[in-house]
Protein chains: 2
Amino acid sequence: MTHIRLTPLAESLPANVPFVGPEAQERASGRPFKARLGANENIFGPSPRAIAAMAETEMWKYGDSESVELRAALAELHGIRPENIIVGEGIDGLLGYLVRLLVGEGDAVVTSEGAYPTFNYHVAGFGGVLHKVPYRDDHEDPAALFAKAAEVDAKIVYLANPDNPMGTWYESTVLERALDDLPQGSLLLLDEAYLECAPEGTAPELSADDPRVIRMRTFSKAYGLAGARIGYAIAAPELITAFHKVRNHFGLNRAAQAGALAAVQDQDHLRHVQSEIAAARGRITEIAAENGLSALPSAANFVAIDCGQDGAFAKAVLEALVARGIFVRMPFAAPQNRCIRVSCGRPEDLDHFAAALPEALAEARGA
Amino acid sequence: MTHIRLTPLAESLPANVPFVGPEAQERASGRPFKARLGANENIFGPSPRAIAAMAETEMWKYGDSESVELRAALAELHGIRPENIIVGEGIDGLLGYLVRLLVGEGDAVVTSEGAYPTFNYHVAGFGGVLHKVPYRDDHEDPAALFAKAAEVDAKIVYLANPDNPMGTWYESTVLERALDDLPQGSLLLLDEAYLECAPEGTAPELSADDPRVIRMRTFSKAYGLAGARIGYAIAAPELITAFHKVRNHFGLNRAAQAGALAAVQDQDHLRHVQSEIAAARGRITEIAAENGLSALPSAANFVAIDCGQDGAFAKAVLEALVARGIFVRMPFAAPQNRCIRVSCGRPEDLDHFAAALPEALAEARGA
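Residues numbered from 1 in each chain as written. Chains lettered and ligands numbered in written order. Predicted model: local features only at pLDDT ≥ 70, side-chain atom pairs only at ≥ 80, totals over all residues.

Student: Even after reading the chapter, I still don't get the overall build of chain A, so can you show me in this structure?
Tutor: The secondary structure content of chain A amounts to 13 helices and 12 strands. A compact globule built from 367 residues should have a C-alpha radius of gyration of about 21 Å, and chain A, at 21 Å, falls within 12% of that. Considered along the principal axes of its C-alpha atoms, chain A spans approximately 55 × 55 × 50 Å. Burial statistics for chain A: of 367 residues in total, 58% are counted as buried. (Helix = DSSP H or I, 4+ residues; strand = E, 2+ residues; numbered from the N terminus. Rg over C-alpha atoms; globule rule 2.2 N^0.38 Å. Buried ≥ 20, exposed ≤ 12 C-beta atoms within 10 Å, placed from the backbone.)

What follows is the structure, encoded as structure tokens:
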């Protein structure tokens with residue numbers, strides 16, 4: 001007998017990773033990327049006040065296990081109560097906690113074919129059973145998601161608005177109406193990681209106490225703090241309190257807490273970043289058009305470019321871009337995988353992309 | 001029916017916290033602590049090179065999911081292979097992953113009565129059944145732990161060396177010999193959080209490939225980076241690989257990775273801290289003696305002071321110290337709870353403690 005006896009569930013899981021990171025790709029190729037446009041990071045960076053706050057943090061101290069100051073600032077920003085907010089180690093960390101709380105072995109969960117793989121990773125990791133519905137016109141499809149949830153008695157229904165990887169989105173009223181069909185017994189997990197990149201009127205107007213929904217937000221995207229690993233969820237206090245049963249109470253980096261607080265308090269910088277993102281979306285759309293391709297309208301900090309053929313062709317384009325030092329990614333599932341996904345970047349980053357794309361397309365067409 | 005359907009296990013768990021943090025205590029009292037000597041943090045602080053490395057980190061980028069540079073530096077430091085190392089969100093985070101991998105509902109786990117409560121929190125959180133053995137002469141008792149593990153068929157046996165909260169320790173040879181009695185089917189989880197504070201010859205000399213043991217280390221103690229939340233485990237590659245099944249692959253703060261790397265590369269600073277810790281242990285021991293109390297010999301960055309009476313008396317001393325702005329903690333279980341636990345501090349911190357202790361003792365004796 002071995003000393004290492006994994007649970008049957010752990011034994012059954014693959015030792016895989018939802019994404020291969022850009023550093024890992026650079027190590028594999030032996031060359032740094034010229035333009036890092038694949039992970040939907042925010043190259044425009046965080047607020048200088050956040051950078052200063054992180055640098056001033058006394059790192060010999062553990063963080064505040066209750067994130068009281070940050071939760072107070074977020075509550076004020078959103079006009080809700082701190083009891084409606086849990087701060088965690090990025091949305092990825094919060095997804096893990098939520099799935100652990102609700103999903104036991106064999107429990108059903110619903111998401112879209114090709115939606116966020118880290119959510120799927122957590123569901124599989126706790127033994128849940130994933131049911132997937134297709135996108136509809138490159139949008140996640142609330143009606144189909146909720147119908148499937150009713151059919152399989154899902155504990156959680158995942159929906160991202162704006163969507164990743166397509167960048168498509170729904171106006172608030174569409175989701176508000178759709179919620180009427182959310183089955184009893186199913187919780188809507190509304191991933192709003194990209195919300196700050198979207199037009200006004202994208203976030204459904206719901207009470208923070210609405211027991212039907214948990215919303216997740218992050219400092220990794222518009223706030224430019226991906227490396228800090230900090231995000232938060234908004235939900236009814238009953239559900240927020242449940243996180244205290246399983247979360248790593250002292251798991252948050254103290255500088256991340258201070259940086260996030262400073263970022264919330266610098267909404268001017270957020271507006272600056274929003275305008276940079278909008279400009280970059282426009283430039284990516286232009287680059288696509290210059291190459292005879294169409295870009296999908298996006299409310300996120302990236303743009304999906306339709307390469308005009310199938311997934312194999314888009315993959316060839318992506319690989320030719322990566323070979324030229326341009327880090328981009330692409331959707332996993334057909335027909336969305338006819339696209340490549342290009343994160344917003346500074347003009348110089350997008351110039352690299354613009355220079356490489358014609359060659360990449362030529363190479364893919366010749367392949 | 002509600003939309004929020006917790007698993008039966010989650011439903012059964014309390015929404016508690018293993019420790020109340022000092023910030024939470026300060027909020028409750030309305031006053032900041034004069035001396036923060038309760039969480040075994042390292043007031044002497046991290047390497048200036050770690051501080052600089054964190055400040056220079058581009059926080060808009062996600063961290064490296066594989067922590068390749070840090071694992072390479074740690075492998076060199078310890079003379080082992082990167083395949084023997086997993087980096088995680090502090091020992092607390094790694095404990096959670098390890099328990100999740102090995103402990104299913106009803107599985108047995110063994111620890112000592114009064115040992116690290118966050119480990120117990122994780123075991124309970126995954127439905128494990130804790131079996132506890134008493135300390136022996138204020139030391140954790142390997143023979144009793146391993147005998148209990150055999151009796152209950154434990155998946156994991158927890159042992160800290162040096163011990164927290166008592167500061168006691170075993171020389172390497174004692175644990176090496178004791179391991180002969182570790183039962184097949186049980187993994188020894190050796191928590192070495194305080195190892196860098198201990199004398200040479202404390203760490204058992206074991207192959208990193210030894211399948212019987214996983215060792216956990218942290219940057220929160222001697223390295224002074226508690227706020228960064230980063231630690232690592234050393235084990236056979238078979239077990240290290242299993243962490244990839246469940247861990248949050250992009251969960252590490254990028255600055256924490258850079259800071260930890262710089263800290264490893266500044267062993268001079270570590271030696272400086274070690275001498276400060278030794279001096280502070282001496283000073284705490286003197287303060288105890290000046291008050292007619294005895295301090296236990298410690299190989300950690302704290303000292304347990306025997307208050308000479310029972311747990312209720314030590315608790316009264318602790319509360320009187322806290323009321324005077326001195327944050328300290330105490331063991332949970334008898335007879336160790338006759339002590340208070342005082343973290344090493346700078347001379348000025350310990351002066352505050354020295355000033356408050358006679359009053360606290362008088363108050364406790366009068367109570």
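Anyway, onward from the coordinates.
Student: What is the right way to read the relation of the copies chain B and chain A from this model?
Tutor: Copies of the same chain, two in number, are related to each other by a rotation about an axis and a translation along it. Aligned on chain A, chain B shows an RMSD of 0.0 Å; the corresponding rotation is 180° and the shift along the axis is 0.0 Å. Such a combination of turn and shift is consistent with a two-fold rotation axis. Judged by C-alpha distance, B:A55 is the residue of chain B that lies nearest the rotation axis, at 2.7 Å. A share of 100% of interface residues in chain B that are also interface residues in chain A marks the association as one of identical surfaces. (Least-squares fit on C-alpha atoms with pLDDT ≥ 70 in both. Contact = placed C-beta atoms within 7 Å.)

Student: Just checking my understanding: could you explain the sheet that holds strand β10 (residues 302-306) of chain A for this structure?
Tutor: By definition, the strands of a sheet pair up through backbone hydrogen bonds, in either a parallel or an antiparallel sense. Residues and elements named next belong to chain A. An order of β9-β10-β12 is seen for the three strands of this open sheet, with the pairing classed as antiparallel. Bordering the open sheet on either side are β9 (294-295) and β12 (339-343), each of which pairs with just one other strand. The pairing of β9 with β10 spans two bridges and is classified as antiparallel. Across the sheet, residue A295 finds its bridge partner in β10, namely I305. (Pairing = 2+ DSSP bridges.)

Student: Looking at this structure, how should I read the sheet that holds strand β4 (residues 129-133) of chain A?
Tutor: All names here are of chain A. Read from one edge of the open sheet, seven strands run β2-β8-β7-β6-β5-β3-β4, paired in mixed fashion. Sheet topology places β2 (85-88) and β4 at the edges, where each strand pairs with a single neighbour. Along the sheet, successive strands turn relative to each other by an average axial angle of 20°, direction set aside. Relative to strand β6 (residues 187-191), strand β5 (residues 156-160) runs parallel, the two being bridged by five bridges. The residue bridging A160 from the neighbouring strand is D191, located in β6. (Axes fitted to C-alpha atoms, helices over the stretch in contact; angles between N-to-C directions.)

Student: What's the story with the packing of helix α4 (residues 68-78) of chain A against helix α10 (residues 254-264) of chain A in this structure? I'm lost.
Tutor: Relative orientation and spacing of two packed helices are given, respectively, by the angle between their axes and the distance between those axes. Residues and elements named next belong to chain A. Running from amino to carboxyl end, α4 crosses α10 at an angle of 20°, the nearest separation of the two axes being 9 Å. One finds that α4 runs roughly parallel with respect to α10. In the packing of α4 onto α10, the handedness of the crossing is left-handed. Contacts between α4 and α10 involve E69, L70, A73, L74 and L77 on the former and, on the latter, Q257, A260, L261 and V264. Along the lines of polarity and charge, the residues of the contact of α4 with α10 split into seven nonpolar, one polar and one charged. (Parallel < 35°, antiparallel > 145°, perpendicular 65-115°, else oblique. Left-handed = near helix turned anticlockwise from the far one by under 90°. Nonpolar A, V, L, I, M, F, W, Y, C, P; charged D, E, K, R; others polar.)

Student: Mind showing me how you'd approach the interface of chain B and chain A here?
Tutor: Accessible area lost on assembly of the parts is the figure often given for the size of an interface. Contact with chain B, which involves 72 residues of that partner, is made by 73 residues of chain A. Counting residues per element, the ones that place at least two in the side of chain B that touches chain A are α2 (22-29), α5 (90-102), α9 (237-243) and α10 (254-264) of chain B. By residue number, the principal contributor to the side of chain B that touches chain A is α5(B), which donates five residues. Along the lines of polarity and charge, the residues of the side of chain B that touches chain A split into 32 nonpolar, 24 polar and 16 charged.

Student: Even after reading the chapter, I still don't get the nonpolar core, so can you show me in this structure?
Tutor: In summary, soluble globular proteins display a tendency toward joint burial of nonpolar side chains. Counting residues in hydrophobic clusters, the biggest one holds 250 residues, and the most contacted among them are A:V157 and B:V157. Setting aside chain neighbours within four positions, we find A:V157 in contact with A:V110, A:L145, A:F146, A:A149, A:S186, A:L188 and A:L189. (Core = buried A, V, L, I, M, F, W, Y, C linked by C-beta atoms within 7 Å.)

Student: How should the pairing of β10(A) be read in this particular structure?
Tutor: Both faces of the sheet carry side chains from a regular strand, because those side chains alternate between them. Counted residue by residue, β10(A) has four buried out of five residues, so it is predominantly covered. The antiparallel hairpin formed by β9(A) and β10(A) contains six residues in its connecting segment.

Student: Just checking my understanding: could you explain the domain arrangement of chain A for this structure?
Tutor: Residue and element names in this part refer to chain A. One can read the domain layout of chain A as domain 1 (19-44 + 268-366) and domain 2 (48-265). The straight-line distance from the C-alpha centre of domain 1 to that of domain 2 is 25 Å. Between domain 1 and domain 2, the residue contacts involve 21 residues of the former and 23 residues of the latter. Listing elements by their share of the side of domain 1 that touches domain 2, those giving two or more residues are α11 (267-290) and β10. No other element matches α11, which puts four residues into the side of domain 1 that touches domain 2. In the side of domain 1 that touches domain 2, the residues fall into 13 nonpolar, six polar and two charged. (Domains from an automatic or database assignment.)

Student: Explain the pairing of strand β7 (residues 213-218) of chain A to me, please; I cannot follow it from the model alone.
Tutor: Residue and element names in this part refer to chain A. Taking burial as the measure, the six residues of β7 include six buried ones, the bulk of the element. By the alternation rule, side chains of β7 split into V213, R215 and R217 and I214, M216 and T218, which are all buried. Pairing of β6 with β7, which is carried by four bridges, proceeds in the parallel orientation. Within the sheet, the bridge partner assigned to L188 lies in β7 and is V213. Of the strand pairs in this sheet, β7 and strand β8 (residues 231-234) are connected by four bridges, and their pairing is antiparallel. Across the sheet, residue R217 finds its bridge partner in β8, namely Y232.

Student: What am I meant to see in helix α12 (residues 311-323) of chain B here?
Tutor: Given 3.6 residues per turn, any residue in an α-helix points the same way as the ones three and four places further on. All names here are of chain B. For α12, which comprises 13 residues, the first-to-last C-alpha distance of 18 Å matches the rise-based estimate of 18 Å (1.5 Å per residue) to within 8%. All of the buried residues along α12 are A314, V317, L318, A320 and L321. Projected down its long axis, α12 carries its buried residues within an arc of 165°, all on one side. Against the buried residues of α12 lie β11 (326-327), β12 (339-343) and α13 (347-366). Looking one or two residues beyond α12, the residue adopting positive phi is G325, at roughly 85°. (Expected span 1.5 Å × (residues − 1). Arc of directions from axis to C-beta.)

Student: Hey, could you run me through α13(B) in this one?
Tutor: Residues and elements named next belong to chain B. Between its first and last C-alpha, α13 extends 29 Å over 20 residues, near the 28 Å set by a 1.5 Å rise per residue. If you look at α13, its biggest bend is around 30°, right at A356, and the proline P358 turns up within four residues after that. Among the residues of α13, those classed as buried are D349, L350, F353, A356, L357, A360, L361 and A364. Considering only its buried residues, α13 is in contact with β1 (35-36), α11 (267-290), α12, β11 and β12. (Bend = angle between axes of the 7 residues up to and from the residue.)

Student: I would appreciate a short explanation of unusual backbone geometry in the present structure.
Tutor: Negative phi is the rule for most residues except glycine; trans is the rule for most peptide bonds. Residue A:P165 follows A:N164 across a cis peptide bond; omega there is 20°. Here A:P165 is to be found in the loop between β5 and α8 (172-178). Here the bond from A:A334 into A:P335 is cis, since omega is 0°, no more than 30 degrees from zero. Here A:P335 shows up in the loop between β11 (326-327) and β12. In this model, A:R229 sits at a positive phi of 60°, which is unusual for a non-glycine residue. Within the element layout of this structure, A:R229 appears in the loop between β7 and β8. For B:D153, which is not a glycine, the phi torsion comes out positive at approximately 55°.

Student: Would you take a moment to explain the packing of helix α5 (residues 90-102) of chain A against helix α6 (residues 117-125) of chain A for this structure?
Tutor: Residues and elements named next belong to chain A. Here α5 crosses α6 at 35°, and the two axes come no closer than 9 Å. Crossing of α5 over α6 shows right-handed handedness. Of the residues in α6, those touching α5 at D92, L95, G96 and V99 are T118, F119, H122 and V123. Each residue belonging to the contact of α5 with α6 can be placed in one class, and the counts come to four nonpolar, three polar and one charged.

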